[in-house]
Amino acid sequence: MYYKIPIRTHIITENEDIVALTRKYSEGIAAPGDIICLAESVVAISQGRAVLPETVRPGRLARFLSRFPGKDGSLATPPAMQLAIEEVGTARILAGCAAAAVGRVFKKKGLFYIVAGRQLALIDDIAGTMHPYERHIVLGPKNPGRLVRAIKKATGAEAVIADVNDKGCVDILGITKKGYRQAVIEALKDNPFGNEDEQTPIVILKRRKTKS
Amino acid sequence: MPSTPRLTNLYCKLIFEGEEQFSAVIIEATIPPVVTVEYPEPGTCRVTLRALLNMHPGPLYVQDGIIREVTVEPGEAVVSFTISLDAAVRATLVVTEGVPSRVVLRFSRRPLQEFYRDKLIVLDPGHGGSDGGWRGPVNLRERDMAWKTARALAQVLEGLKARVIWTRAEQENPSWEERLLKVTTDTFCFISIHEHGAGDTGLRGTAVLYNPACRGNEELAAKVLERIVARVKIPSRGVMADGELARLGEIPGLKLEPVVITDWVDEGLLRNPYFHQKVALATAVGVKQYFQRGK
Ligand SMILES: [Zn+2]
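*Asks:* Provide a residue-level description of the environment of Arg102 of chain B, including the pertinent values.
*Replies:* Residues and elements named next belong to chain B. By secondary structure assignment, the location of Arg102 is in strand β10 (residues 101-108). The spacing of Arg102 and Asn9 is 93 residues in sequence and 9.3 Å in space, taken between C-alpha atoms. Contact partners of Arg102, with chain neighbours within four places excluded, come to Tyr11, Ile26, Ile27, Glu28, Val94, Val95 and Thr96. Polar side-chain contacts of Arg102 include one of 2.8 Å to the side chain of Glu28.

Quick look at the structure:
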């Protein structure tokens, strides 16, 4: 089992080297066998995947479709829907909407994302992200698998990139050791990445010494 | 783990224990550090820990009515935290074992409770019933958002022992005359809550309107606006005199417009439950700071 150590960081912005800063913040704490977890949104922001909605020109399709998804989730605004269309293409979005409509008849949820693409579920619409990005739409991170391997190389510890929502759902986007998956999901359920005023996008899971 | 503690996290939270409330500063470390606490002057608490710094040392903005701000100064194998306070309160210190170890400084919120104790505050959520007020571009209604913020404000004020009176129930829409009937001579403050609406103009931000017939209300509104804008990090639309509030005469009156609901970025902010709590706490802190100025 693991101890959970959240690390307070500065506000991470575009063009920062996420590997170098993970190494700096975990120095002297994370050792081989421990697991460094990164919040998906911060990785995406460092990759320049936070978009100001004012800069998006939603087309007619986006304006129309944004009226349908669950209003308190993502893609409820025309710019977010526009970015979704740009991410996966019009055809897949329309297929996803059709699947969702069928799903509604049979009371089956989540078909939109299954058909249109799971990465769309990672789009945080405004107010889904912490300051100063609460006014941005944040897309999912690129190449999470490659990034966690680079972090492991730089720190010696295992690495994970994950998305945790406020309902306690943990989605692992990248992990260096598949066998740790369940333990990581268990540890991240209460969202130690914090929300609102807490700024702890790095959480170190420290292996507990087993009593002999 | 190595024997020098490493500091990993800093945050503040409110702790409720029955009738008592505390503002707590919490510093997390890999192992329990050696801690000293001093009060160089009233209203300032300095905490020094023998430790290395892993976390970001930037200041922590708090403004919860007791703690204003926490600043961090790294030194040679020591780290100092300066806690600036609204009142000359002292902390109780607890250091917990475990990973992470927690250095917990609890400050009593009594000075804030003493200020609000038994004060009568009339809360007036705008619109109601069949009158939805302005509508956001996605789906939110001014009526419901004003109600939500008012609920959060009532919770804060009642926790501080104030008496809260409502001008309407959730489904009602009384006239302005009827709303004013709830005001009595011992009313400490009347607080209306609306959202602004402006069509498709891109106008955003918070405004606080005030009762021009009551002396000092412009400054009161400015203080509350300052606290809200700093807390929710939103543009300011300034303070304005409000003709309707002038009917209150000598009784202090404010009308909060936390956002421009017709702007869809502002509408998005209203979906966040913390937004309403933050506006509520910032308002309560701003009112207290105005009335206790120069004390
Ligand atoms: Zn109104």
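Anyway, onward from the coordinates.
*Asks:* How would you summarise the coordination of the zinc ion if you had to cite specific residues and measurements?
*Replies:* All names here are of chain B. The protein atoms donating to the zinc ion are His127 (NE2), Glu142 (OE) and His194 (ND1), with metal-donor distances spanning 2.0 to 2.1 Å. The motif formed by the donor residues of the zinc ion, counted along the single chain, is H-x14-E-x51-H. On the criterion of sequence distance, the pair formed by His127 in the loop between β11 (120-125) and α2 (142-159) and Glu142 in helix α2 is long-range, its members being 15 residues apart. Classification of His127 by relative accessible area gives buried; the value is 17%. Residue Glu142 is classed as buried on the basis of its relative accessible area of 1%.

*Asks:* Provide a residue-level description of the state of the cysteines, including the pertinent values.
*Replies:* Applying the stated criterion to the full structure yields zero disulfides over all chains. Its sulfur unpaired, Cys37 of chain A is 17 Å from the next cysteine sulfur, which belongs to Cys169 of chain A. Cys45 of chain B takes part in no disulfide bond, and the closest cysteine sulfur to it belongs to Cys12 of chain B, at a distance of 11 Å. Taking relative accessible area as the criterion, Cys45 of chain B reaches 0% and is therefore assigned buried.

*Asks:* Residues and numbers for the sheet that holds strand β2 (residues 35-39) of chain A, please.
*Replies:* In a beta sheet, neighbouring strands pair by backbone hydrogen bonds and run either parallel or antiparallel. Residues and elements named next belong to chain A. An order of β1-β7-β2-β5-β6 is seen for the five strands of this open sheet, with the pairing classed as mixed. Across the chains shown, the open sheet's two edge strands, defined by having one partner strand only, are β1 (2-7) and β6 (170-175). Strand-to-strand twist of the sheet, defined as the mean angle between neighbouring strand axes without regard to direction, takes the value 25°. Here four bridges tie β2 to strand β7 (residues 202-207), and the two strands are oriented antiparallel to one another. Residue pairing across strands places Ile36 opposite Ile204, the latter belonging to β7.

*Asks:* Go over the domain arrangement of chain B, please, and point to the residues and values.
*Replies:* All names here are of chain B. Parsing chain B into structural domains produces domain 1 (6-108) and domain 2 (113-291). Between domain 1 and domain 2, the C-alpha centre-to-centre distance is 32 Å. Each partner contributes to the interface: domain 1 provides 10 residues, whereas domain 2 provides 11 residues. Buried area between domain 1 and domain 2, both sides added, is near 890 Å², and the carbon and sulfur share of it is 39%. Considering only the surface of domain 1 that becomes buried against domain 2, Gln21, Tyr61 and Gln63 emerge as the three largest contributors, covering 51% of it. On the surface where domain 1 and domain 2 come into contact, there are one salt bridge. In this structure, the salt-bridge partner of Glu19 is Lys161, at a minimum N-O distance of 3.6 Å. Grouping the amino acids of the side of domain 1 that touches domain 2 by side-chain chemistry returns three nonpolar, three polar and four charged.

*Asks:* Break down empty space enclosed by the protein for me, citing the residues and quoting the values.
*Replies:* Where empty space is left can be seen by rolling a probe of water-molecule size over the atoms. Residues and elements named next belong to chain B. Scanning the entire structure with this criterion turns up two cavities of 30 Å³ or more. In this structure, the second largest cavity spans a volume of roughly 40 Å³. Around the second largest cavity, the lining residues are Tyr116, Ile121, Leu153, Leu157, Phe188, Cys189, Ile191, Thr283, Ala284 and Val287. At the level of elements, α2, β13 (187-193) and α6 (273-291) are the ones that each hand at least two residues to the lining of the second largest cavity. Looking at the lining of the second largest cavity residue by residue, the class counts come to nine nonpolar, one polar and no charged.

*Asks:* Residues and numbers for the interface of chain B and chain A, please.
*Replies:* Facing the 32 residues of chain B at the interface are 32 residues of chain A. When the buried surface of chain B facing chain A is broken down by residue, Asn54, His56 and Trp264 of chain B rank first, second and third, together holding 21% of it. Where chain B packs against chain A, one counts seven residue pairs in polar contact (both at pLDDT 80 or more). Secondary-structure elements contributing two or more residues to the side of chain B that touches chain A are β1 (6-17), α4 (217-232), α5 (264-270) and α6 of chain B.

*Asks:* Break down a nonpolar patch on the surface for me, with residues and values.
*Replies:* A surface patch of nonpolar side chains, about 340 Å² in accessible area, is lined by Val102, Val105 and Phe106 of chain A. Its place among the elements puts Val105 of chain A in helix α5 (residues 90-105).

Reading the values: rules and limits
- Residue positions are counted from 1 within each chain, in the order its sequence is given.
- Going through the entries in the order they are written, you letter the chains from A and number the ligands from 1.
- Predicted model: local features are reported for residues with pLDDT of at least 70 only, side-chain atom pairs are reported and counted for 80 or more only, and whole-chain, interface and lining totals are derived from all residues.
- With hydrogens and water excluded, all non-hydrogen atoms of the structure serve as input to the side-chain values.
- Helix and strand assignments follow DSSP, with helices taken as H or I runs no shorter than four residues and strands as E runs no shorter than two, numbered in order from the N terminus.
- What makes two residues a contact is simply this: any of their non-hydrogen atoms within 4.5 Å.
- In protein, a polar contact requires one atom able to donate a hydrogen and another able to accept it; more generally it is a pair of N or O atoms within 3.5 Å, and residues adjacent in sequence count only if both atoms are side-chain atoms.
- Think of the donor list as every N, O and S atom within 2.8 Å of the metal, or within 3.2 Å for Na, K and Ca; water never makes the list, so a site can look incomplete.
- Note on exposure labels: buried denotes an accessible area under 20% of the residue type's maximum, exposed denotes more than 50%, and partly exposed covers the range between, all computed with a 1.4 Å probe on protein chains only.
- Disulfide: a pair of cysteine sulfur atoms within 2.5 Å of each other.
- Whether two strands pair comes down to DSSP finding at least two bridges between them.
- Lines fitted to C-alpha atoms define the axes here, with helix axes fitted over just the stretch in contact, and angles between the N-to-C directions of these axes take values from 0 to 180 degrees.
- Note that domain bounds follow an automatic or database assignment of domains.
- Here the quantity called buried area is the accessible surface, traced with a 1.4 Å probe, that two parts lose on coming together, added over both.
- Definition used for salt bridges: Asp or Glu carboxyl oxygen within 4 Å of a side-chain nitrogen of Lys or Arg.
- Classification convention: Asp, Glu, Lys, Arg as charged; Ala, Val, Leu, Ile, Met, Phe, Trp, Tyr, Cys, Pro as nonpolar; all other residues, Gly among them, as polar.
- We place a 1 Å grid over just the protein atoms. Points where a 1.4 Å probe fits but has no way out form a cavity, open points with protein on both sides within 12 Å along at least 5 of 7 lines form a pocket, and any residue with an atom within 4 Å of a point lines it.
- Grid points are joined across faces, edges and corners, and a volume is the space filled by probe spheres set on the points.
- Nonpolar side chains (Val, Leu, Ile, Met, Phe, Trp, Tyr) are joined into patches within 5 Å and like charges within 9 Å, using only residues with over 30% relative accessible area and no salt bridge.
- Exposure was quantified through the Shrake-Rupley algorithm and a 1.4 Å probe, taking into account, for residues, occlusion by the shown protein chains and nothing else.

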